[in-house]
Amino acid sequence: MKIGVFDSGVGGLSVLKKIKEKIDFADVIYYGDSINSPYGNKSIEEIQELCLKIGEFLIDNQVNIIVIACNTATAAALETLRERFTSVPIVGVVQPGATMAIKQSKNKKIGVISTPLTAKSGVYEKAIKGLNPKYDVFQKGCDLLCPMIEKGWESSEKNTEILKSYINQLPDEIDTLILGCTHYPLIREEIEKVVDKKIVDPAEETAMHVLFELNRLALKKGVKKSRKEKISIDYFITGDVNKFKEVGERFLGEKLSNIYQPLIG
Ligand code: DGL
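These numbers were taken from a predicted model, which means no experiment stands behind them.

Draft legend 1. Region of interest: the overall build of the protein chain. Secondary structure assignment for the protein chain yields 11 helices and 10 strands. Across its three principal axes, the protein chain shows a C-alpha extent of roughly 50 × 40 × 35 Å. Sorting the 265 residues of the protein chain into buried and exposed places 57% on the buried side. The long-range fraction of contacts in the protein chain, counting pairs at least 24 apart against all pairs at least 6 apart in sequence, stands at 76%. Element-wise, carbon and sulfur atoms account for 49% of the exposed surface of the protein chain, whose accessible area totals about 12000 Å². Averaging the locations of the 37 positively and 36 negatively charged side chains of the protein chain gives two centres separated by 5 Å.

Draft legend 2. Focus on unusual backbone geometry. With an omega of 0 degrees, the peptide bond running from Ser37 to Pro38 counts as cis. The phi torsion at Gln62 lies on the positive side, around 60 degrees, for a residue other than glycine. Here Gln62 falls in the exposed class, since its relative accessible area comes to 59%. Backbone geometry at Lys158 places phi at a positive 55 degrees, although glycine is not the residue there.

Draft legend 3. Fine view of the packing of helix α1 (residues 13-22) against helix α11 (residues 241-252). Between α1 and α11, whose axes approach to 11 Å, the crossing angle comes to 45 degrees. As summarised for this structure, α1 and α11 are arranged oblique, according to the angle between their axes. As α1 packs across α11, the resulting crossing turns out to be right-handed. For the pair α1 and α11, contact is made by Leu13, Ser14 and Lys17 and by Phe244, Gly248, Phe251 and Leu252, respectively.

Draft legend 4. Examining the site of the ligand more closely. In the neighbourhood of the ligand, 13 residues make up the surrounding shell, with Ser8, Tyr39, Gly40, Thr72 and Thr182 lying closest. Take His183: an N or O atom from its side chain is 2.7 Å from a nitrogen atom of the ligand. Look at the ligand: alone it shows 300 Å² of surface, and the protein chains cover 100% of it. One can see that the ligand is located within the largest cavity.

Draft legend 5. Layout of the packing of aromatic side chains. Counted under the stated rule, the structure contains six aromatic pairs. Seen in terms of ring centroids, Tyr30 and Tyr235 are 5.8 Å apart; in terms of plane orientation they differ by 55 degrees. Their pairing is tilted. Highlighted residues: Tyr30 in strand β2 (residues 27-32) and Tyr235 in strand β9 (residues 233-237), separated in sequence by 205 residues. Assessed through its relative accessible area of 2%, Tyr235 is described here as buried. Aromatic side chains Phe57 and Phe236 sit 4.9 Å apart centroid to centroid with 65 degrees between the ring planes, which places their arrangement in the edge-to-face category. Remark: Phe236 occurs in strand β9 and Phe57 occurs in helix α2 (residues 44-60); sequence separation between them is 179 residues. Among the aromatic side chains, those forming a connected cluster through ring pairs are Tyr31, Phe57, Phe236 and Tyr260. Geometry around Phe251 places Lys17 over its ring, the cationic atom sitting 4.5 Å from the centre. If you follow Lys225 out to its NZ or CZ, it ends over the ring of Phe25, 4.8 Å from the centre.

The rules behind the values
- Within each chain, residues carry numbers counting from 1 in the order of the written sequence.
- The predicted origin of the model limits local features to residues at a pLDDT of at least 70 and limits the giving and counting of side-chain atom pairs to 80 or more, whereas totals for whole chains, interfaces and linings rest on all residues.
- Based on all heavy atoms of the structure, the side-chain values leave hydrogens and waters out of the count.
- Only DSSP runs of H or I reaching four residues or more are called helices, and only runs of E reaching two or more are called strands; each is numbered from the N terminus.
- Burial status follows relative accessibility: with a 1.4 Å probe on protein chains alone, a residue under 20% of its type maximum counts as buried, one over 50% as exposed, and anything between as partly exposed.
- Residues are treated as being in contact if the distance between any of their heavy atoms lies within 4.5 Å.
- Surface accessibility follows the Shrake-Rupley procedure with a 1.4 Å probe radius. Residue values consider only the protein chains on display as shielding.
- By the counting rule applied here, Lys and Arg register as positive and Asp and Glu as negative, while His and the ends of each chain are not counted.
- To locate a charge, take NZ of a lysine, CZ of an arginine, CG of an aspartate or CD of a glutamate.
- Only C-alpha atoms enter the line fits that serve as axes; for helices the fit covers just the stretch in contact. Angles between N-to-C directions range over 0 to 180 degrees.
- These descriptions rest on fixed angle ranges, namely under 35 degrees for roughly parallel, over 145 for roughly antiparallel, 65 to 115 for roughly perpendicular, and the rest for oblique.
- Here is the rule for handedness: rotate from the far helix to the near one, and if that takes an anticlockwise turn smaller than a right angle the crossing is left-handed, while a clockwise turn gives right-handed.
- Note on definitions. A residue lies near a molecule or strand when any single heavy atom of the residue is within 4 Å of it.
- Definition of a polar contact: a pair of N or O atoms within 3.5 Å, with one able to donate and the other able to accept a hydrogen when the atoms are protein atoms, and with sequence-neighbouring residues admitted only if both atoms are side-chain atoms.
- Grid spacing is 1 Å over the protein atoms alone, the probe is 1.4 Å, and a cavity is where that probe fits but cannot get out, while a pocket is an open set with protein on both sides within 12 Å along at least five of seven lines and lining residues have an atom within 4 Å of a point.
- Assignment to a cavity or pocket requires that more than half of a molecule's atoms be within 2 Å of the site's grid points.
- Pairing of aromatic side chains here covers Phe, Tyr and the six-membered ring of Trp, requires ring centres within 6.5 Å, and sorts the geometry by plane angle: under 30 degrees stacked, over 60 edge-to-face, intermediate tilted.
- In this scheme, Lys NZ or Arg CZ marks a charge over a ring once it lies within 6 Å of the ring centre and within 35 degrees of the ring normal.

As structure tokens, then:
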């Protein structure tokens, strides 16, 4: 079996990391659209167009499932992708993140940091209130964080001040904070230093959804699930491959090989 995972760059690696921890019977194609990053400052139509191209690439490469490892792309294009690619299940990160946050929050006040587009779309508020209308959701769009992580957090100036300035704009009454951009788990330690709330990384629950869908597919289609010693991962990166390798290796704690540049992008 083959899983297709995509993001606007390195952020989706936070989802890939959890998938690798939970699923040992499927190979992965990872697509990082770093040449078009950040998605969070683009229009919904632009993101939908980019995601449709990536979807075609993944389907052409015979994936059994598509994982939108990007909150912004989930907010902008989940429905579009589901309408276009009906032959495979498509999993986003928002619903799993909302489910986790509801389990965590005691006082029913949840904060979300994300890209501006995700914040503006209100997608987390809709998902959380759809599960339980009694929750209050506060969202903050953080336009600089994703580009800083993509470039290399350490090399970005005033990184802690900028991070704090965003967090401080959320009401103190929240007891849970969702990392509503898949790039943010890459700086989770830095976030934990400036936030004293429960942190929710939607990646964990997203990986559970992927496992559930693959098990369902295996049963339905009679596909054999054979455990692999080591799953194979091919990376297709549209932008700077060396930067991706450097940031990705630091985050995953292992050497990355099989990195290619796709012909589209
Ligand atoms: N990792 C993407 C997300 O979860 C970042 C989007 C961007 O490129 O701005 O939203």
